[in-house]
Amino acid sequence: MSKADYKIEGTVPRELLVSEVRKAARQFAMQFFHFSKVLYDQFGLEKTKDIVRQTVFELAVDRSDQLREKALAQGLKADSVKDFMSVIDLPFTGWIPEWGEDHCPYAEVWRTYFDKYPWFREIAPFYCDVIDTTTIENFSKCLSHRITQNVILEGTCCKREYFESDKVKRGEYTYGKKRRKLRIRNVLPG
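In short, a report on the structure. Fair warning: this is a prediction, and the values are worked out from it, not measured in the lab. (Residues numbered from 1 in each chain as written. Predicted model: local features only at pLDDT ≥ 70, side-chain atom pairs only at ≥ 80, totals over all residues. Heavy atoms only, no water.)

Here's the deal with helix α5 (residues 120-140)
Step number 1: Between its first and last C-alpha atoms α5 spans 31 Å; for 21 residues at 1.5 Å apiece the expected length is 30 Å, and the two agree.
Step number 2: The sharpest bend along α5 comes to roughly 30 degrees, located at Phe126.
Step number 3: Lys141 occupies a position one or two residues after α5 and carries a positive phi of about 65 degrees. (Helix = DSSP H or I, 4+ residues; strand = E, 2+ residues; numbered from the N terminus. Expected span 1.5 Å × (residues − 1). Bend = angle between axes of the 7 residues up to and from the residue.)

What follows is the structure in structure tokens.
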């Protein structure tokens, strides 16, 4: 049976939905920490920062290429925060603003590692900064972004600002250089 043949029915209480989304986010957050820890143990802080920055940059480019394609297919210009938010792929159900510093499940997990692994305080914010900045830059081709507050390190909410960028308009991104997209043909026998 394929996904197309399977009909999902019924309703789920919001409490359960939030719990399930946060469980998945917790697993991702732990994976990000352990991926970073293996790199740190093997290469030290500076090389780890370079590798994590590049990895998250490439994830953001892949993700925002898909979001841009979706927006354009819907007839959007894909050049504004409004267009971006209309196709965003985040499960906001799991992010509860009323929970303050714990509203973000990633930050909630990552902060638990800071006492034992103080070097991770430098790595954890890369995820939000690199992915959020690169995603809007590659999606819009004209905007950039900066985080002005992030619950990973301080505060009770995340704040950011978007702005037009001449560098982005020239194809220059804050955290890396976009590579040509690989096109993989279906090579499986028919």
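Structural notes on the nonpolar core
Step number 1: In terms of nonpolar packing, the biggest core is built from 33 residues, with Phe32, Tyr106, Trp110, Phe120 and Tyr127 touching the most fellow members.
Step number 2: Breaking this core down by element, the ones donating at least two residues are α1 (14-43), α2 (45-73), α4 (105-111) and α5.
Step number 3: Counting residues per element, this core draws most heavily on α5, which supplies 8 residues.
Step number 4: The residues touching Tyr106, leaving out its near neighbours within four places in the chain, are Ala25, Phe28, Ala29, Trp95 and Tyr127.
Step number 5: Grouped together as the second largest cluster of nonpolar side chains are 10 residues, Phe84, Ile136, Phe139 and Leu143 included. (Core = buried A, V, L, I, M, F, W, Y, C linked by side-chain atoms within 4.5 Å. Buried < 20%, exposed > 50% of the residue type's maximum accessible area, 1.4 Å probe, protein only. Contact = heavy atoms within 4.5 Å.)

What about the packing of aromatic side chains?
Step number 1: Under the defined criterion, the tally for this structure stands at 23 aromatic pairs.
Step number 2: Seen in terms of ring centroids, Phe33 and Trp119 are 6.1 Å apart; in terms of plane orientation they differ by 20 degrees. Their pairing is stacked. Of the two residues, Phe33 sits in helix α1 while Trp119 sits in the loop between α4 and α5, which places them 86 residues apart along the sequence. Each member of the pair, Phe33 as well as Trp119, carries the same accessibility label: buried. (Phe/Tyr/Trp six-rings, centres within 6.5 Å; stacked < 30°, edge-to-face > 60°.)

With respect to unusual backbone geometry
Step number 1: The phi angle at Ala78 is positive, at roughly 60 degrees, despite the residue not being glycine.
Step number 2: By secondary structure assignment, the location of Ala78 is in the loop between α2 and α3 (81-87).
Step number 3: Classification of Ala78 as buried rests on a relative accessible area of 0%.
Step number 4: For Lys141, which is not glycine, the phi torsion reads 65 degrees and is therefore positive.
Step number 5: With respect to the secondary-structure elements, Lys141 resides in the loop between α5 and β1 (143-149).
Step number 6: A residue is classified by how much of its surface remains accessible, and Lys141, at 28% relative accessible area, is partly exposed.

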